[in-house]
Amino acid sequence: MVRERIEVTGVVQGVGFRPFVYRLATELGLSGLVGNDSARVFIEIAGSPGAVDRFGRRLVDEAPPLARIAEVHRSPLAAPEPAAEPVFRIVASTATDGARTLVPPDNAVCAECVAELFDPADRRHRHPFITCTNCGPRFTIITDLPYDRPVTTMAGFELCDACRSEYTDPGDRRYHAQPISCHDCGPRLWFEDRRSGRSDAGEVDPIGAAAAMLIDGGIVAIKGLGGYHLACDATDAEAVGELRRRKHRPDKPLAVMVADLDRGRRLAAIGRSEADLLASPAAPVVLLRSVPDSPLVADVAPGNPLVGLMLPYTPVHHLLMTEVGRPLVMTSANVSGEPLAGDRAGIDALITLYDGLLDHDRAIASPCDDSVVRVMGDRLLPVRRARGYAPIPVTLAENLSDGPPLLAVGAELKNTFCLAVGGRAWVSQHLGDMENLATVQALETTVDRFTRLYDVTPGLLVADAHPGYLSSGWARRRPEPLVEIQHHRAHVAAVAAEAGLAPSTVVIGFAFDGTGYGDDGAIWGGEVFFGPVSDLTRVAHLAPIPLPGGDAAIANPWRVALAHLHAAGLDWAGTRPAEWAEPDEVALLRAQLAGNVACLPTTSMGRLFDAVSSLVGLRHTISYEAQAAIELEIAAAEASEAGVAATPEEVTDGVGRRYRFGLGRAGVDEPIVIDPAPVLSAVLADLDRGEVVGPIAWRFHRAVADVVATVAETLLAEPAPAENEAVAVALSGGVFQNVLATALCLDALGGVVDRSGRNIELLTHHAVPPNDGGLALGQAYLGLHRTLVEADLEHQQKNQEHWHVSGSTGKDRGDP
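Structure report, in brief.

Definitions and cut-offs
Residues numbered from 1 in each chain as written. Predicted model: local features only at pLDDT ≥ 70, side-chain atom pairs only at ≥ 80, totals over all residues. Heavy atoms only, no water. Phe/Tyr/Trp six-rings, centres within 6.5 Å; stacked < 30°, edge-to-face > 60°. Helix = DSSP H or I, 4+ residues; strand = E, 2+ residues; numbered from the N terminus. Buried < 20%, exposed > 50% of the residue type's maximum accessible area, 1.4 Å probe, protein only. Lys NZ or Arg CZ within 6 Å of the ring centre and 35° of its normal. Core = buried A, V, L, I, M, F, W, Y, C linked by side-chain atoms within 4.5 Å. Contact = heavy atoms within 4.5 Å. Pairing = 2+ DSSP bridges. Salt bridge = Lys/Arg side-chain N within 4 Å of Asp/Glu carboxyl O.

Aromatic ring pairs are reported here in terms of the distance separating the ring centres and the angle at which the planes meet. Under the definition given, this model contains 9 aromatic pairs. With a centroid separation of 5.5 Å and 15° between ring planes, the pair formed by Phe-512 and Phe-736 is classed as stacked. Note that Phe-512 is positioned in strand β24 (residues 506-517) and Phe-736 in the loop between β31 (728-732) and α22 (739-756), a separation of 224 residues in sequence. Judged by relative accessible area, Phe-512 falls into the buried class, the value being 1%. Feature note: the residues Phe-139, Phe-417, Trp-426, Phe-450 and Tyr-454 constitute an aromatic cluster, connected by ring pairs. Its end group placed over the ring of Tyr-313, Arg-387 keeps NZ or CZ at 3.5 Å from the ring centre.

Now for the nonpolar core. Within the largest apolar cluster, 79 residues are counted, with the highest numbers of intra-cluster contacts made by Phe-510, Val-528, Phe-609, Phe-661 and Phe-700. Ranked by residue count, the leading element in this core is helix α21 (residues 693-717), at 14 residues. Those residues in contact with Phe-661 that lie beyond four places of it in its chain are Leu-542, Leu-608, Ile-674, Asp-675, Pro-676, Pro-678, Val-679, Phe-700, Ala-703, Val-704 and Val-707. Membership of the second largest hydrophobic core comes to 53 residues, among which are Leu-30, Phe-55, Phe-139 and Trp-426.

Before going further, it helps to examine the sheet that holds strand β22 (residues 460-464). In space, the 6 strands of this open sheet follow the order β18-β21-β20-β19-β22-β23, with mixed pairing throughout. In this open sheet, the two strands that pair with only one neighbour each are β18 (394-395) and β23 (482-485). Summarising the sheet, strand β20 (residues 418-421) and strand β21 (residues 424-427) pair through 4 bridges and their orientation is antiparallel. Of the residues in β21, the one forming a bridge with Cys-418 is Val-427.

According to the stated counting rule, one finds 46 salt bridges in the structure shown. Between Arg-665 and Glu-718 there is a salt bridge; the shortest N-O distance is 3.0 Å. Residue Arg-665 is located in strand β29 (residues 662-665), and its partner Glu-718 is located in the loop between α21 and β31; the two are separated by 53 residues in the primary sequence. Classification of Glu-718 as partly exposed rests on a relative accessible area of 34%. The network of salt bridges with shared partners includes Arg-3, Arg-5, Glu-7, Asp-37, Arg-40 and Glu-44.

Structural data, given as structure tokens:
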């Protein structure tokens with residue numbers, strides 16, 4: 001007989017791990033116990049050596065589907081006294097000091113629960129809150145650790161005898177499933193008709209009432225796992241138009257929920273990878289290509305062939321989708337850019353946006369929006385990280401695990417924060433754009449919740465160096481020491497952190513986005529860095545242009561287009577942006593640029609995409625972020641798919657024409673300047689020839705990929721000691737949310753790597769978005785490294801002082 005203590009860390013609470021251990025130990029005839037504390041699952045196991053070893057292997061290999069094991073520690077214990085019969089038991093959870101376990105994300109309702117939901121013979125038939133150990137809410141209902149019902153928002157719902165029997169039976173699928181309930185003991189669902197002022201008190205079916213209003217063209221607010229949606233019939237043009245009017249959202253695409261994959265395929269092309277994502281426990285919104293003859297009205301995604309689809313992920317959604325029998329728009333219930341409504345006060349503040357309310361009384365501890373993803377070949381590309389993924393941490397390089405607890409507060413747009421301690425970086429759910437008091441309050445509230453949940457008190461804050469960001473201002477007002485990190489270096493560090501790279505790893509980093517505060521006070525955004533991740537040197541950038549009016553230019557790509565032509569010395573006459581704008585506006589802009597009045601220098605690649613979008617006549621003004629660039633990507637992708645975009649051969653005219661950026665240096669040690677003037681000149685020449693938009697858009701995308709490859713190859717060719725040779729090329733920033741541009745860059749860089757004969761890894765994002773939603777991770781990574789370096793220098797200095805003091809006497813160390 002042998003006896004061991006086994007400690008398992010990771011996502012091992014709230015996922016059925018203890019009943020799994022119980023069943024496995026019982027099957028193998030082992031005795032002992034299993035329990036939770038705040039940091040881990042702990043097991044004491046006793047039996048024959050062979051059985052204990054088999055237990056250890058199967059513990060990892062056969063873990064529950066929602067578990068994510070980080071580490072397993074095994075240590076011997078004193079051999080037990082022989083027992084007549086092996087007894088294995090589950091012991092009560094205990095609270096401990098120190099590191100905390102990982103909080104599991106919310107998960108879509110599982111197939112077994114859905115089957116019971118629609119089974120008339122099951123006692124939970126049509127129960128809106130059916131769940132089990134393998135599915136349902138977790139992150140959004142947990143208030144403390146270890147994870148047990150009393151520290152969830154289900155604490156106030158006392159289990160009935162039938163549910164308690166399941167909850168306490170280790171052989172049951174609902175053993176210690178904290179959110180379980182039934183019709184007799186669970187939360188209550190109801191429907192309120194705002195138009196009539198009626199609120200049902202159980203005398204009407206709330207699902208049926210909500211479905212009837214949706215079918216009738218109404219807008220219904222629906223409480224889900226992490227907040228409220230605004231829903232309407234996605235096949236009803238009047239309903240969709242009214243939702244857009246009420247929400248002041250004229251163009252930005254709306255997400256759509258479909259009952260199942262078969263119905264989804266009537267709306268969009270769904271490949272195997274996309275289908276797996278849609279049906280996964282995370283159940284994100286997946287951006288897909290619409291199919292011809294889709295029943296969705298055009299106003300769901302105006303001028304956009306992509307549609308964001310998701311499947312039902314709560315029992316309420318399943319019941320409602322079955323009742324309605326048609327796709328529904330499901331968009332976040334919020335004012336654009338502000339946090340998601342997560343409680344009654346929040347949804348009441350939006351009462352003018354909806355006609356009916358499908359509500360319930362299970363509280364949401366932490367509002368959490370839907371995640372949004374794209375698929376690029378075999379790569380996952382996060383666009384918004386929230387439900388289903390948050391708050392799973394990113395594991396950092398081992399040499400960052402000794403840093404102090406740290407809080408990085410992220411960027412202005414698409415704000416998330418990152419709490420880092422013990423080699424783990426918890427990136428929060430998407431909070432919104434940090435441009436108003438409501439989002440700052442959401443940041444403060446969510447930070448407080450994370451620090452309490454993980455029992456961490458940050459000793460250091462990290463923020464963007466931008467002097468005007470509200471997130472950075474919030475950090476500067478706090479008493480903790482503050483480190484400020486340049487925006488684009490944080491982008492590169494974020495993708496390096498995902499890949500587990502050490503800070504000393506030498507990379508070439510491309511950070512392409514719309515806006516970021518540069519070292520020189522200019523607006524950067526077309527940046528190339530080289531060196532260790534911890535000490536990146538700016539080695540190339542897009543040629544600066546004057547950005548007239550700052551935010552006014554960002555909202556008006558026609559202004560950016562003409563500013564680019566001005567910087568390139570190209571005539572405005574007859575160009576599409578100059579023809580579209582009012583003559584007085586054009587004249588005023590010309591004078592503004594000539595006098596450099598209220599013009600900020602920018603090297604932004606995102607603004608260049610906007611400029612080309614306006615030059616070809618696609619989008620001169622925008623109503624949501626990156627709208628012009630998105631439409632340019634769509635035009636290029638459609639041309640490519642139609643086979644009219646380009647051929648790989650170099651030709652002087654026709655579809656195979658290549659646009660090329662200029663490259664130059666002011667001096668040997670100066671950064672490479674990437675000049676867009678030749679590309680812009682080629683675009684205008686093609687327009688003058690009567691070329692259509694699609695091939696021009698595609699050529700521009702390919703030109704960006706070509707210059708990325710050329711710059712990388714130039715940097716790789718420069719002589720350097722072996723320890724300074726790059727081992728990875730990293731792509732980050734909002735421009736790399738563009739699937740076509742990213743795929744072309746990866747393809748071109750693949751050729752560079754092949755020609756170099758070196759083992760160079762190409763890195764893109766897969767855990768956090770390439771946009772500013774991932775910035776906090778890079779801030780935390782660089783902040784940790786800087787703190788550790790400073791601590792090491794301080795330690796060396798103290799040692800040196802001690803050496804001089806002790807050595808000066810000639811007694812302890814002899815003559816120095």
